[in-house]
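Listed below, chain by chain, are the residues.
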There are 4 protein chains.
Amino acid sequence: MYRSRPKGELDRDTLNFLSSMNIDNEIISYDIMGTQAHLVMLYEKGLLEVKPLKKILNELEILLQNPGKINRLGFEDIHEAIETHLVKKLGIEIGGSIQTGRSRNDQVILDVRMKARDELNNIYSKIISLIDSILQKAEQNLGSIMLLYTHLQQAQIGNLSHYLLSYSDQLFRDLDRLYLTYTRINKSPLGSGPVGGSTIPIDRERTAMLLGFDGLVTNSLDATSSRDTIVELMSSLSILMITLSRIAEDLIIWSTQEFDYVELADKCASSSSAMPQKKNPDPLELLRSRTTIVVGNLVTSLALLKALPSGYSRDLQDLKLVFLNSLSIVSSCLTITDIVIGSLIIHKDRMKDAVINSYANSIDIAEQLVMQKGLVFRTAHKIVGSLVEMALSKNNASLSSLSVNEIEAVIKRTSVPIKAKDLLEILEQVTPEKVILLRSSIGSSNPDEQKKVIKSSKIRVQEYSDDIRKRKMLLNNALHNLRQVVISYTNKSS
Amino acid sequence: MYRSRPKGELDRDTLNFLSSMNIDNEIISYDIMGTQAHLVMLYEKGLLEVKPLKKILNELEILLQNPGKINRLGFEDIHEAIETHLVKKLGIEIGGSIQTGRSRNDQVILDVRMKARDELNNIYSKIISLIDSILQKAEQNLGSIMLLYTHLQQAQIGNLSHYLLSYSDQLFRDLDRLYLTYTRINKSPLGSGPVGGSTIPIDRERTAMLLGFDGLVTNSLDATSSRDTIVELMSSLSILMITLSRIAEDLIIWSTQEFDYVELADKCASSSSAMPQKKNPDPLELLRSRTTIVVGNLVTSLALLKALPSGYSRDLQDLKLVFLNSLSIVSSCLTITDIVIGSLIIHKDRMKDAVINSYANSIDIAEQLVMQKGLVFRTAHKIVGSLVEMALSKNNASLSSLSVNEIEAVIKRTSVPIKAKDLLEILEQVTPEKVILLRSSIGSSNPDEQKKVIKSSKIRVQEYSDDIRKRKMLLNNALHNLRQVVISYTNKSS
Amino acid sequence: MYRSRPKGELDRDTLNFLSSMNIDNEIISYDIMGTQAHLVMLYEKGLLEVKPLKKILNELEILLQNPGKINRLGFEDIHEAIETHLVKKLGIEIGGSIQTGRSRNDQVILDVRMKARDELNNIYSKIISLIDSILQKAEQNLGSIMLLYTHLQQAQIGNLSHYLLSYSDQLFRDLDRLYLTYTRINKSPLGSGPVGGSTIPIDRERTAMLLGFDGLVTNSLDATSSRDTIVELMSSLSILMITLSRIAEDLIIWSTQEFDYVELADKCASSSSAMPQKKNPDPLELLRSRTTIVVGNLVTSLALLKALPSGYSRDLQDLKLVFLNSLSIVSSCLTITDIVIGSLIIHKDRMKDAVINSYANSIDIAEQLVMQKGLVFRTAHKIVGSLVEMALSKNNASLSSLSVNEIEAVIKRTSVPIKAKDLLEILEQVTPEKVILLRSSIGSSNPDEQKKVIKSSKIRVQEYSDDIRKRKMLLNNALHNLRQVVISYTNKSS
Amino acid sequence: MYRSRPKGELDRDTLNFLSSMNIDNEIISYDIMGTQAHLVMLYEKGLLEVKPLKKILNELEILLQNPGKINRLGFEDIHEAIETHLVKKLGIEIGGSIQTGRSRNDQVILDVRMKARDELNNIYSKIISLIDSILQKAEQNLGSIMLLYTHLQQAQIGNLSHYLLSYSDQLFRDLDRLYLTYTRINKSPLGSGPVGGSTIPIDRERTAMLLGFDGLVTNSLDATSSRDTIVELMSSLSILMITLSRIAEDLIIWSTQEFDYVELADKCASSSSAMPQKKNPDPLELLRSRTTIVVGNLVTSLALLKALPSGYSRDLQDLKLVFLNSLSIVSSCLTITDIVIGSLIIHKDRMKDAVINSYANSIDIAEQLVMQKGLVFRTAHKIVGSLVEMALSKNNASLSSLSVNEIEAVIKRTSVPIKAKDLLEILEQVTPEKVILLRSSIGSSNPDEQKKVIKSSKIRVQEYSDDIRKRKMLLNNALHNLRQVVISYTNKSS
């Protein structure tokens, strides 16, 4: 319909290549609401008569309820399809007026921003729900001692609660990041025209208000051409996915028969078509791979925008595609992580056995040699290393089972100025079972530390929940109000 | 159906999350053919009775013609859906035998390889067709002199033919890369079992032959777990897209009113909903952005495989997704580039005007001062630079319009040991119009060089075309033969 | 020195492979200050005697002034090198005590955070300086009318000021993003131990205060193992670079002889070794390519962290490498962009000529036909399109030069209900020169809009400058105070 | 020195920003040899007198031996630095002649190609060496039975030899990929001039031969502007690194105390500054992270080239940077992997114990129920699943320890038509220890399969080694010959 300068129809292959119809299904309702707000403003500013206003608003209301009525064949995008529908239905003299003071360039980014804020609000709620599940598990597992790893090697003794809270803390930061972007995303680009604004005396602030925005993307060139806020979101989504992928990796490793610390609920586990004994953690594996899709989409968006000239270019259509894809993937991944963690089976006894059979209290022993027996740390480190070596050579015996003779041999070999008696005393005192109670630093594995964090985290969960509810309500109110305005104008006597 | 160890059904959200059904539509026919070949082999090896063989082959033949008959709801993938269909239709005693000596892990990569080789063969043909279009344009434009650019600044004088052939040469390399991978992709993984092979005395070479493969991926762990050949293809597709994106960028710039060297045919150009004067090169812009999607998919695949433990993991399902997406994108991009270039309108006069009004013969003048007047190049470079400066200051006058006095002034200022007369002689001789005929190096802008290349390139096009035809025929013959075997077995008297 | 369990020396190739010595040069001073703060705290908590305290503080002070004294050969990292230096210099009984209640795992991320906040503060200042340069140029160019582009095609008429402000607005968002992360980066991980905290009664809040941090990364597992805040920064740096790359691309295109809108100052332009007439915009090209390095570093960091198990892994060493690289690249790119824009030569006349010779007032004409003559927009769009076509066919005549006859012919052909007289009136009124004054929408190309934005932007620049100064002062004060404490303790009588 | 059109010096910050001096150290010797060959050709073609030829060749020979003599300060790149050196040393009339018929644009890609082919030849040798180490380990471990994993869950029984050969097969493909590119990289771009070739009658084939190239990159635009072959290499290097990262990941997991299948030699393992019991597999972790750097570099190169206009742009300088970085990383990673695998300690008993205590023979049991007892596979799969369930509930008893009563109970519950006696017979026959000997498919875990592969692989290793030696010799001969020519010309009487 817009073909003015180029003559004839688009080549069919080219049209298919250009068309964004598939992905536009996701923004169709926002597009219609945007047009309604625009028309209401035009009418209020005396730029549109009441008669065409009523007719178009009415027809748009029908399409909003039943978007299937829009013929999608032969169009490059949903904007063209809707205008063509209106022209066919209401005649050019009425339908031909919806683009006054507007262009597809401000329209499409309006739609994307409206879509994004809804998706974000859902994602916020899902993160909060996941944090809540983690906090519950953490509370239930204050006493579940387990090994902590560095380099995937047994490192220190901790507990599951401590581990879980490290991820609720990360998820809070993931949420913070996404949350702050809302103020940047919820600004209206509408009224920017193709690139340089309009000579029509439109009221950008009115349409922004009608559509529930907090303000404007002022500069019209910026509004139609920039996508930094979209990429910011795609980055924050990628970082969130990294968090989920790391949880997934830990749980995959812990689900092996060799670690055997946790087990996925049957409802989350896959089986094998070939190997009857299998119980596979497929959802966790897909959390890993979906992470890489979201990262791939981010790369697409950055490579796409690199050195893109200012002013709308068609490339931006594909940015919309990958952005909506990432939002959708992240949303489902949050749901699945929540289900998996909520239903996770913990093998507390296995975890405890692994602790008892480990040398992961070595650093604590060294520290207590410093604290109680006056060794410097590097020397303490050295002698405990030698004790471990001795214990390993005794068929992996526990450190506390070493005899006085053995200990004296180690002392002699290392020339460390300590008495065997003193060493023995520390070994008996700092056993794997008791060690986390000795931890005293803020944020350490001592369960008292976790209790504090759980308490403050629950408050944060509540505050976020309240604020999210408020955000959603503000949007709902605005769009409800738009609906009321539309209905009242539709019923106006001309 | 495979749920043996995990009890109960999968959680609904989890099932949706896990399911690859959408993308599996693209491999369904390959999956069925793979199963047919497997069954034929089992029968021939005495591992399956003729009765179940006939019934299953017959039912698979029905599904091949009408895949819509397969119930897709509630399954994680197409393999499970088909086996379930067969069991429902033919009973467990018959349908339950198709996985003997086989697993989904070798099955899925079999399907992907069969799909890939078909897609690749089409892509080869499309590259050849595009090269052919470029060669035709090059032949038509041997005399179209134009500016060549470095740093997007006017650099040397060349001609359009020379430019175009630089891209047919690149496309030949793109083709070479993809072409060689065929030998790696067309190997059968079938018969590798889940990871370690089978105790059933299957004949892997027989199924490979039935399905048109050139050999085996021997090691069963490698066959089910590696995806390097897929990533190799995704890399080669990315590099090909880079080539297309660079052509696109050149044409976008040349389509500006400021350059005005070329114009897209109307059937390829988009218009504006707002600005009536517009004729936008949208297909070219999408070539750029699609490039970044293919690159994003490559990044996904690399990040996905990074540090993935050996043995099939579910992550690989998402690799299939992005791989098939890239194949499809590249295929359509080749079509569009071919259409755009084939129908491109060349503004030869504009190109020539730009040449005449440029200083892009500067280097040639400098070179002739070396050749004919015995200056060293650095000195020649210096004096020509000063001449350009002088000409610029004279309201961008042409070099050949400089007067003897002006030239003498320049010689004096630069103290270059040359006579004004000699300089003038060279300036008159090395005019922008004539300069490419003076070029003598292999592969330079001299049209004689292009003629040679066009000739040899046409031969390469022919050779590739022949070979591609042969490749396709080999596959067709194999699968035709499989069909014949299936029919003959189906009709066998039990 | 730490080799306790593994015996013997590291293989030489392996040591080279593992060593982070090169990059550690950038964090050495932070490492020393961190150790000083840690020791001060240990002393104050009664965990270290005054004698060793004095000796170590004194030696560290020497190293801080002269880091070249540290032997770097044979160590995996700077932490080990410094401890070894201290042990050699002061004996094991003194030097061996610096790791009490500490580990390299909390130490290295402490150093990185201290380095990052300094680099960030510099980057903030540089962005502000760049914005300031842009605002100055914008103020000088309120009257520089020029074409605005979409799809790189002439779209609407605007002015340079409008263009420039679209980038100061983007840069403000880039700054906002980076600015908010400061609160997340300026938290202390020190005291987290290897992964699970310490049994030594250290005071994490005291060391945080001494080092100028705003608080703690509480959870010790999170503190040593997470890097989300680093990746957040690398994302924000990438997005900032995208902004710079788009400015660069515009200026590269505008610097072509064909556009000729701007020219780089000679001090920023490169020449050619071969082509004397060349003036190449190399710094702008490198802004583009450096963008892709920063993006590549981001990809590295995301791929590196994907599915990395919890707890410190050596992989994180390479994340440090790419992070510091990106900080350094961005810093220099901001400097260069500032220099290039500050010294940019604007060809106002060329810009204006291009405006006058364009049809980019088409949409404004169409809009005024709606406003003043009562056409619906789609019809107005159509008739203006036909006028452009007519003008193009008349050797690219201007729209205002069309004769009444010609206009009547167009009206007849398009059957648009308007009189030629009315059309002519609008064509005369809406000329390219006058059109931006007719623009009335907020954020449009009307210079009045830019004046408002320049005014408010200058206030923002001032506010940011003040706040950055405050931030820097807070850090300086804290570290100055640490120095004072160190000196007073060093001089303490034992 | 080249500053002709732009006046004055480059701004200092800008010069630092532009300079490629650091990285150019890696190509300096190639640059000098390239210049020598170019001069020899110029002389032979009568384009250069013998006197300047001798002097320049002589001076270049000095620089080749002692590149430190070249003043590096104040230049954008090494090409400019060398020409300036020659001019200073020999005067403009001699030194000013080296760029005749040449430009930095063909020169820099010449240097990169010469550097690349040397690096590649070393990388080929290193891959071959690594494959050889793997084959040796495989040969030593034909009898080392171990579990194979899918989804990181115990899947089937295999042996270490089978596992190792899956990676020698992958590495052969990695080698193939890189190997074939050699023919594309070893082509000379020299003589292409800045973009369009030269009017000087240079002999491109002569310089190509002197420098050991196999042919030309013919089209001068292509030769100076394309980098697809570089990106192809960076892709192949990335894929190779993926292979190494997956080996690393397996070994990291197998090195955990929980798996305990392997142990790094002490000379490859790191210790902890804090935890004395630690033995960390740091080199393996860095193989993972270096993979992501090489991938990041690939992304940089693709994003950099995306939509880059034809003709040399300065962006390509940064492509050189990341390319050389990737070559260097991959080279060291191959060395380290070879060291780690060559010295790896295998815990055969632990591997065997894990096999015996597993249910990983389930699929083999099911298969033998099909083979020997006539069940269909799906039914066999079901009953073995139930047996595993029964065994798990008996405190993880082995399948062969199930009593007749228990087996009958399972048969009853599943209604599978089989006798307990028959089931028992199979359970006793298909024990974990014996199962790999029953495997019969090509490429399965049966050690006979590995023997065949080891034999054929050793032949391939030999063939590659011979061919690599030949390749290196060809290059050496060519460059040795160039040296001879240079010396003979230098000594020529004028």
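The residue numbering used here restarts from 1 in each chain and proceeds along that chain's sequence as written. Lettering of chains starts at A and numbering of ligands starts at 1, both following the order in which they are written. Where local features are concerned, this predicted model is filtered to residues with pLDDT of at least 70; where side-chain atom pairs are given and counted, the filter is 80 or more; whole-chain, interface and lining totals use all residues. Calculation of side-chain values draws on the structure's entire complement of heavy atoms; hydrogens and water are dropped beforehand.

Visitor: Describe the overall build of chain A, listing the residues and the values that go with them.
Guide: Secondary structure follows DSSP: runs of H or I at least 4 residues long count as helices, runs of E at least 2 residues long count as strands, and numbering of each begins at the N terminus. Of regular secondary structure, chain A possesses 20 helices and 4 strands. Taking 2.2 N^0.38 as the reference for a compact globule, 494 residues should give roughly 23 Å; the C-alpha atoms of chain A span a radius of gyration of 31 Å, well beyond that estimate. Overall, chain A is about 105 × 50 × 40 Å in size when its C-alpha atoms are taken along their principal axes. Buried, partly exposed and exposed residues are distinguished by accessible area as a fraction of the type maximum, computed with a 1.4 Å probe on protein chains only: under 20%, between the cut-offs, and over 50%, respectively. Here chain A holds 494 residues, and 72% of them are scored as buried. The contact definition used throughout considers only heavy atoms, calling two residues in contact when any of these lie within 4.5 Å. Long-range pairs, those at least 24 residues apart, make up 77% of the contacts in chain A between residues at least 6 apart in sequence. The Shrake-Rupley method, run with a 1.4 Å probe, gives the accessible areas here. Residue values count only the displayed protein chains as cover. For chain A, the accessible surface area stands at approximately 14800 Å², while carbon and sulfur atoms represent 50% of it. Under this rule, positive means Lys or Arg and negative means Asp or Glu; His and the chain ends count for nothing. Each charge is placed at NZ for Lys, CZ for Arg, CG for Asp and CD for Glu. Between the averaged position of the 59 positive side-chain charges in chain A and that of its 57 negative side-chain charges there is a distance of 2 Å. In this description the radius of gyration comes from C-alpha coordinates, and the expected globular size is given by 2.2 Å times residues to the power 0.38.

Visitor: So what's going on with the confidence of the model for chain A? Residues and values would help.
Guide: pLDDT expresses, on a scale from 0 to 100, how confident the predictor is about each individual residue. Of all residues in chain A, 100% have pLDDT values of 70 or greater, and the mean over the chain is 96. Interface predicted TM-score (ipTM) for the complex: 0.97; the corresponding pTM is 0.98.

Visitor: Explain the relation of the copies chain C and chain A to me, using residue names and the numbers behind them.
Guide: The two chain copies are related to each other by a rotation about an axis together with a translation along it. Residues reaching a pLDDT of at least 70 in both copies supply the C-alpha atoms on which the copies are superposed by least squares. Structural alignment of chain C on chain A gives an RMSD of 0.0 Å, achieved by rotating through 180 degrees and translating 0.0 Å along the axis. Such a turn and shift between the copies fits a two-fold axis. Closest approach to the rotation axis within chain C is made by the C-alpha atom of Ser235 of chain C, at a distance of 3.1 Å. Both copies present the same face, since 99% of the interface residues in chain C are matched by interface residues at the equivalent positions in chain A.

Visitor: Could you give an account of the interface of chain C and chain A, naming the residues involved and the relevant values?
Guide: Each side of the interface is counted separately: chain C has 111 residues, and chain A has 110 residues. Each of two parts loses accessible area, computed with a 1.4 Å probe, when they are put together; buried area is these two losses added. Of the roughly 9000 Å² buried between chain C and chain A on both sides combined, carbon and sulfur atoms contribute 58%. In terms of surface lost to chain A, no three residues of chain C exceed Thr199, Arg246 and Arg378 of chain C, which account for 9% of the buried area on that side. The salt bridge criterion pairs a side-chain nitrogen of Lys or Arg with a carboxyl oxygen of Asp or Glu, the two atoms within 4 Å. Along the contact surface separating chain C from chain A lie 12 salt bridges. Here Glu232 of chain A and Arg177 of chain C are joined by a salt bridge, their closest N and O atoms 2.5 Å apart. A 3.5 Å cut-off defines polar contacts: any pair of N or O atoms within that distance qualifies, except that in protein one atom must be a possible hydrogen donor and the other a possible acceptor, and neighbouring residues in sequence count only when both atoms are side-chain atoms. Our count for the chain C to chain A interface comes out at 64 residue pairs in polar contact (both at pLDDT 80 or more). The biggest single contributor to the side of chain C that touches chain A is helix α11 (residues 228–254) of chain C, with 13 residues. Its residues assigned to classes, the side of chain C that touches chain A shows 42 nonpolar, 42 polar and 27 charged. Following the grouping adopted for this structure description, the nonpolar residues are Ala, Val, Leu, Ile, Met, Phe, Trp, Tyr, Cys and Pro, the charged ones are Asp, Glu, Lys and Arg, and the polar ones are all others, Gly among them.

Visitor: Lay out helix α15 (residues 362–373) of chain D with the relevant residues and their values.
Guide: All names here are of chain D. Here α15 spans 15 Å end to end across 12 residues, near enough to the 16 Å set by a 1.5 Å rise per residue. Within α15, 9 of the 12 residues are buried, leaving the element largely enclosed by the surrounding structure. Among the residues making up α15, those that are buried are Ser362, Ile363, Asp364, Ile365, Ala366, Glu367, Gln368, Leu369 and Val370. Elements in contact with the buried residues of α15: β2 (153–159), α16 (377–393), α18 (420–429) and α19 (435–438). Positioned one or two residues after α15, Gly374 has a phi angle of 75 degrees, which is positive. Expected helix span is given by 1.5 Å per residue-to-residue step, counting one fewer step than there are residues.

Visitor: Could you give an account of the relation of the copies chain C and chain D, with specific residues and numbers?
Guide: For the match of chain C to chain D, the screw axis carries a shift of 0.0 Å, the RMSD comes to 0.0 Å, and the turn is 180 degrees. Take the interface residues of chain C: 100% of them recur as interface residues in chain D, which is what a same-surface contact looks like.

Visitor: A description of unusual backbone geometry should follow, citing residues and the corresponding values.
Guide: The phi dihedral of Asn396 of chain A is positive, around 60 degrees, even though this residue is not glycine. Within the element layout of this structure, Asn396 of chain A appears in the loop between α16 (377–393) and α17 (404–414). Even without a glycine there, the phi angle at Asp260 of chain B is positive, about 60 degrees. Turning to its location among the elements, Asp260 of chain B is positioned in the loop between α11 (228–254) and β3 (262–263).

Visitor: Tell me about the packing of aromatic side chains, and name the residues and values.
Guide: The description of two aromatic rings rests on the distance between their centres and on the angle between their planes. A pair of aromatic rings is counted whenever rings of Phe, Tyr or Trp (Trp by its six-membered ring) have centres within 6.5 Å, and the orientation is called stacked for planes under 30 degrees apart, edge-to-face for over 60 and tilted otherwise. Enumeration according to the criterion identifies 42 aromatic pairs over all chains in this entry. For the pair Tyr124 of chain B and Tyr182 of chain B, a centre-to-centre distance of 6.3 Å together with 65 degrees between the ring planes defines the contact as edge-to-face. With Tyr124 of chain B in helix α7 (residues 104–140) and Tyr182 of chain B in helix α8 (residues 160–185), this pair connects stretches of sequence that are 58 residues apart. Considered together, Tyr124 of chain B and Tyr182 of chain B belong to a single accessibility category, that of buried residues. Ring centres of Tyr124 of chain C and Tyr179 of chain C lie 4.7 Å apart, and the angle between their planes is 55 degrees; on these two criteria the pair is classed as tilted. Pair noted here: Tyr124 of chain C is in helix α7 (residues 104–140) and Tyr179 of chain C is in helix α8 (residues 160–185), with a separation of 55 residues, a long-range link. For Tyr179 of chain C, a relative accessible area of 8% translates into the label buried.

Visitor: An account of the side chain of His85 of chain C is requested, with residue identities and associated values reported.
Guide: All names here are of chain C. Residue placement: His85 occurs in helix α5 (residues 78–90). Since its relative accessible area comes to 13%, His85 is described here as buried. Discounting chain neighbours no more than four positions away, the residues touching His85 are Glu59, Leu63, Lys69 and Ile70.

Visitor: Outline the domain arrangement of chain A, listing residues and values.
Guide: For the domains described, the bounds stem from an automatic or database domain assignment. Considered domain by domain, chain A is made up of domain 1 (12–100), domain 2 (105–354 + 454–478) and domain 3 (362–430). Its C-alpha centre places domain 1 of chain A at a distance of 79 Å from the equivalent point of domain 3 of chain A.

Visitor: Explain the packing of α17 of chain A against helix α18 (residues 420–429) of chain A to me, and be specific about the residues and the numbers.
Guide: Geometrically, a packed helix pair is captured by the angle between its two axes and the distance between the axes. Residues and elements named next belong to chain A. Look at α17 against α18: their axes get within 9 Å of each other, and the N-to-C directions meet at 115 degrees. Overall, the two elements α17 and α18 adopt an arrangement that is roughly perpendicular. For the pair α17 and α18, the crossing hand works out as right-handed. Two secondary-structure elements touch here, α17 through Val404, Ile407, Glu408 and Ile411 and α18 through Ala420, Leu423, Leu424 and Leu427. A fitted line through C-alpha atoms serves as each axis, taken over the contacting stretch for helices, and the angle formed by two N-to-C directions is quoted from 0 to 180°. Each angle gets one of four labels, with under 35 degrees taken as roughly parallel, over 145 as roughly antiparallel, 65 to 115 as roughly perpendicular, and the rest as oblique. Take the far helix as your reference; a near helix turned counterclockwise from it by less than a right angle gives a left-handed crossing, and one turned clockwise gives a right-handed crossing.

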